[in-house]
Amino acid sequence: MTEPIEEADPAELLHATYAGHLLPGRQLEAFRRFEHLFPTRMVRRGMAARPLPRRDAPFPELSFRSNGKSCDLYDYVSRNRGIGLLILKDGAIAFENHELGHDERTRWMSMSMAKSITATLVGVAINDGFIASLDDPLTRYLPELAGSGYDGVSVRQLLMMASGVRWSEDYLDPASDRRRMLDLQLTQQPGAIMDFMASLPRVAEPGTVWNYSTGETHVAGALVRAATGRPLADYLSERIWSRLGMDQDAFWWLESPGGLEVAGSGLSATLRDYGRFGLFIAGGGVIDGERVLPEGWVAESGGCAIPAPGRGHYGLMWWPIAGSDGGYDDGAFRAGGIFGQYIYVNPKRQVVIVVWSTRSKPLGADAIEDNDFFNAVVEALG
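Everything quoted here is computed from the prediction, not taken from an experiment. (Residues numbered from 1 in each chain as written. Predicted model: local features only at pLDDT ≥ 70, side-chain atom pairs only at ≥ 80, totals over all residues. Heavy atoms only, no water.)

Chemist: Is there a simple way to think about the nonpolar core in this case?
Modeler: Side chains of nonpolar character tend, in soluble globular proteins, to be buried together. Formed by 108 residues in total, the largest nonpolar core has its most connected members in F34 and L159. Of the residues forming this core, the biggest block, nine residues, is contributed by helix α4 (residues 113–127). In this view, F34 contacts L13, L14, T17, M109, M111 and W253; residues no more than four positions away in its chain are not counted. Core analysis: the second largest hydrophobic core is formed by 24 residues, L73, V351, I368 and F374 among them. (Core = buried A, V, L, I, M, F, W, Y, C linked by side-chain atoms within 4.5 Å. Buried < 20%, exposed > 50% of the residue type's maximum accessible area, 1.4 Å probe, protein only. Helix = DSSP H or I, 4+ residues; strand = E, 2+ residues; numbered from the N terminus. Contact = heavy atoms within 4.5 Å.)

So, in structure tokens, the structure goes:
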């Protein structure tokens, strides 16, 4: 019998996870209990949850094409190994589904959806006056990066993942920078990941080349911590999580006991609470009449900041989503994580979609294109 996740060797489990070497049952157990692998910091909810209302209208039938085949909602959930699906329209639940013993109280691993949440906290810190401008140099807040590849890189260039600093994100390559970062996380040594990031060479002029990098998000988390004087989890709780009527506290992995949050991953929260965060973004970053994000931040962060060769465009740690016509006029974007985790946000249509999945490999294992599904939902809801 396989040992419980809480008793598993973290290195063995994480290496198997990122290599795509877990069978479905073990992967399912891991994703909903990953918060037990490392020390965490709680993201505290507020005193009272705010129930999400339900739409009176039945959810419309979906029929769309993806990868040359006709598909519907049942195909999307079944063939893409969907575990949780929440669709919100105009702030109300249009569709909700939990599979394999999950329910509205279950927390689930964010994977890289956390990147978009970290980037949002940079926006909050700008609105609060802790960070003066997206065009400030990182070294104004992180002087320890002076003389490194990040010297001369702006906050904006970091969030675009266009620092020009070398990085390999190959999850399947044990020698990649991403896997090296994971190994450093396993050591639980304070500052080890930032030391690694400062050691990396610059290979391109800042702002000129997009290169997806989980390490960049760790630097963004360190930026928020340095600028605000608060841990990411505490700042997220104070400014957003405790004020949106979340159902549950969330938990965020730490690089070491009491250390920095692993800002590019490692957040665990419920399906509805991810949805409430999506509604906050869809609403322009306003809570109870108070502007929490700068005016125009949502449109800029979810827009086409830089071409992402082979993957469309990239924003400020959000992914712009082309509509079914191939254009970006609808202004939709998503947070995304490996193995099929998403928060899709369409402010214009007031649609938010949260997806949890347990796909067999980090990337490329989807049978149905997620963006095809998102576009079909938006078109069906009107």
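That was the structure; now back to the text.
Chemist: Help me understand the pattern of salt bridges, please; the structure alone is not making it clear to me.
Modeler: Opposite charge on two side chains makes pairing possible when the charged atoms of those side chains draw close. Scanning all chains against the criterion turns up 23 salt bridges. One salt bridge connects R272 with E96, and the closest N-O pair in it is separated by 2.8 Å. Here R272, found in helix α10 (residues 271–282), pairs with E96, found in strand β5 (residues 92–98); they are 176 residues apart in sequence, far enough to count as distant. Residue R272 is classed as buried on the basis of its relative accessible area of 18%. Exposure remark for E96: the relative accessible area of 17% places this residue in the buried category. The partner of D370 in a salt bridge is R359, with the nearest N and O atoms 2.7 Å apart. With D370 in helix α12 (residues 370–381) and R359 in the loop between β16 (351–357) and α12, this pair connects stretches of sequence that are 11 residues apart. (Salt bridge = Lys/Arg side-chain N within 4 Å of Asp/Glu carboxyl O.)

Chemist: How should the sheet that holds β5 be read in this particular structure?
Modeler: Paired through their backbone hydrogen bonds, the strands of a sheet run either parallel or antiparallel. Strand order in this open sheet of six strands is β5-β4-β16-β15-β14-β13, and the pairing throughout is antiparallel. A strand with exactly one partner marks an edge of an open sheet, and here the two such strands are β5 and β13 (319–320). Summarising the sheet, β13 and strand β14 (residues 333–337) pair through two bridges and their orientation is antiparallel. Looking at β14, one finds that W319 is bridged to R334. Contacting β14 and β15 (341–346), α4 runs over the sheet at an angle of about 125° to β14. Along the sheet, α12 contacts β4 (82–89), β5, β14, β15 and β16; its crossing angle with β16, the most-contacted strand, is approximately 145°. (Pairing = 2+ DSSP bridges. Axes fitted to C-alpha atoms, helices over the stretch in contact; angles between N-to-C directions.)

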